[in-house]
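Per-entry structural report
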Amino acid sequence: MRSADEEEEIAQAVAGELRLMDPRVRASREQAARLLDPEFVEVGGSGRRWTYATMLAELPDHPGSSADGPRYEPSEISGVRLAPGLVHLTFETVLGDLRTRHSSIWRRAEGSGDWRMYYHQATRVPPGVD
């Protein structure tokens with residue numbers, strides 16, 4: 001059984017993840033910067049490696065970043081606290097016709113206590129795969 005602290009940390013990470021799917025946040029480098037760890041790394045579904053700087057530079061132009069375009073539809077979000085201040089989330093998203101499985105690690109920033117995405121992995125799910 002999870003403690004109240006574990007549940008709260010997982011809830012904070014989920015809230016951050018959902019904010020990063022919001023087109024208004026994705027379109028704002030300033031807002032996205034508050035949710036990404038300065039040491040952030042992502043391995044995208046395309047196999048491309050993203051860093052904090054490249055993600056902030058290009059995120060406003062990514063799919064899901066326009067208020068009038070397709071939006072991320074998340075499902076099956078679950079999390080586990082790996083250690084105090086460190087949470088691993090897994091979930092799926094649909095964006096238009098693209099289904100993707102995700103894994104992200106969130107950590108609490110020293111000093112501010114803000115939760116930031118430290119690592120993200122996305123894997124595209126081919127049509128017909130359960």
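These numbers come from a predicted model, not from an experiment. (Residues numbered from 1 in each chain as written. Predicted model: local features only at pLDDT ≥ 70, side-chain atom pairs only at ≥ 80, totals over all residues. Heavy atoms only, no water.)

Re the environment of Arg2
- For Arg2, the location among the structural elements is in the segment before helix H1 (4-21).
- Between the C-alpha atoms of Arg2 and Trp115, which are 113 residues apart in sequence, the distance is 19 Å.
- If we ignore the near neighbours within four places in the chain, the residues touching Arg2 are Glu7, Ile10, Gly79 and Val80. (Helix = DSSP H or I, 4+ residues; strand = E, 2+ residues; numbered from the N terminus. Contact = heavy atoms within 4.5 Å.)

Focus: the nonpolar core
- Ranked by size, the top nonpolar core spans 18 residues in total, and within it Leu20, Leu36, Met55, Val87, Leu89, Trp106 and Met117 carry the most contacts.
- Listing elements by their share of this core, those giving two or more residues are H1, helix H3 (29-35), strand E1 (36-43), helix H4 (52-58), strand E4 (86-95) and strand E6 (115-125).
- The leading source of residues in this core is H1, at four residues. (Core = buried A, V, L, I, M, F, W, Y, C linked by side-chain atoms within 4.5 Å. Buried < 20%, exposed > 50% of the residue type's maximum accessible area, 1.4 Å probe, protein only.)

Quick notes on unusual backbone geometry
- Of note in this structure, Glu76 is not a glycine but carries a positive phi near 55°.
- With respect to the helices, strands and loops of the structure, Glu76 is situated in strand E3 (residues 73-83).

Section: the packing of aromatic side chains
- Taken as a whole and assessed by the stated rule, the structure comprises zero aromatic pairs.
- The cationic tip of Arg48 hangs over the ring face of Trp50; the distance from NZ or CZ to the ring centre is 3.7 Å. (Phe/Tyr/Trp six-rings, centres within 6.5 Å; stacked < 30°, edge-to-face > 60°. Lys NZ or Arg CZ within 6 Å of the ring centre and 35° of its normal.)

A look at the sheet that holds E1
- One open sheet accounts for six strands, arranged E2-E1-E6-E5-E4-E3; its pairing is mixed. Among the strands making up the open sheet, the edge pair consists of strand E2 (49-51) and E3. Strand-to-strand twist of the sheet, defined as the mean angle between neighbouring strand axes without regard to direction, takes the value 15°.
- Taken together, the 10 bridges between E4 and strand E5 (residues 98-108) define a ladder with antiparallel strand orientation. Bridge assignment links Thr90 to a residue of E5, and that residue is Ser103.
- Contacts from H1 reach E1, E3, E4, E5 and E6, with the element oriented near 140° to E3. (Pairing = 2+ DSSP bridges. Axes fitted to C-alpha atoms, helices over the stretch in contact; angles between N-to-C directions.)

Remarks on the pairing of E6
- Bridge count between E1 and E6: four bridges; the pairing is parallel. Residue pairing for E6: Val43 is matched across the bridge by Gln121.
- Relative to E6, E5 is paired through 10 bridges, and the arrangement is antiparallel. From the neighbouring strand, Ser103 faces E6, where its bridge partner is Gln121.
- Turn length for the E5-E6 hairpin, with the two strands adjacent in sequence and antiparallel, is six residues, and the turn residue Gly111 shows positive phi of about 90°.

Quick look at the environment of Ser112
- Topologically, Ser112 is positioned in the loop between E5 and E6.
- Its relative accessible area of 44% is what places Ser112 among the partly exposed residues.
- Between the C-alpha atoms of Ser112 and Leu82, which are 30 residues apart in sequence, the distance is 20 Å.
- A polar contact of 3.2 Å, which involves the side chain of Ser112, links it to the backbone nitrogen of Asp114. (Polar contact = N/O pair within 3.5 Å; in protein donor to acceptor, adjacent residues only side chain to side chain.)

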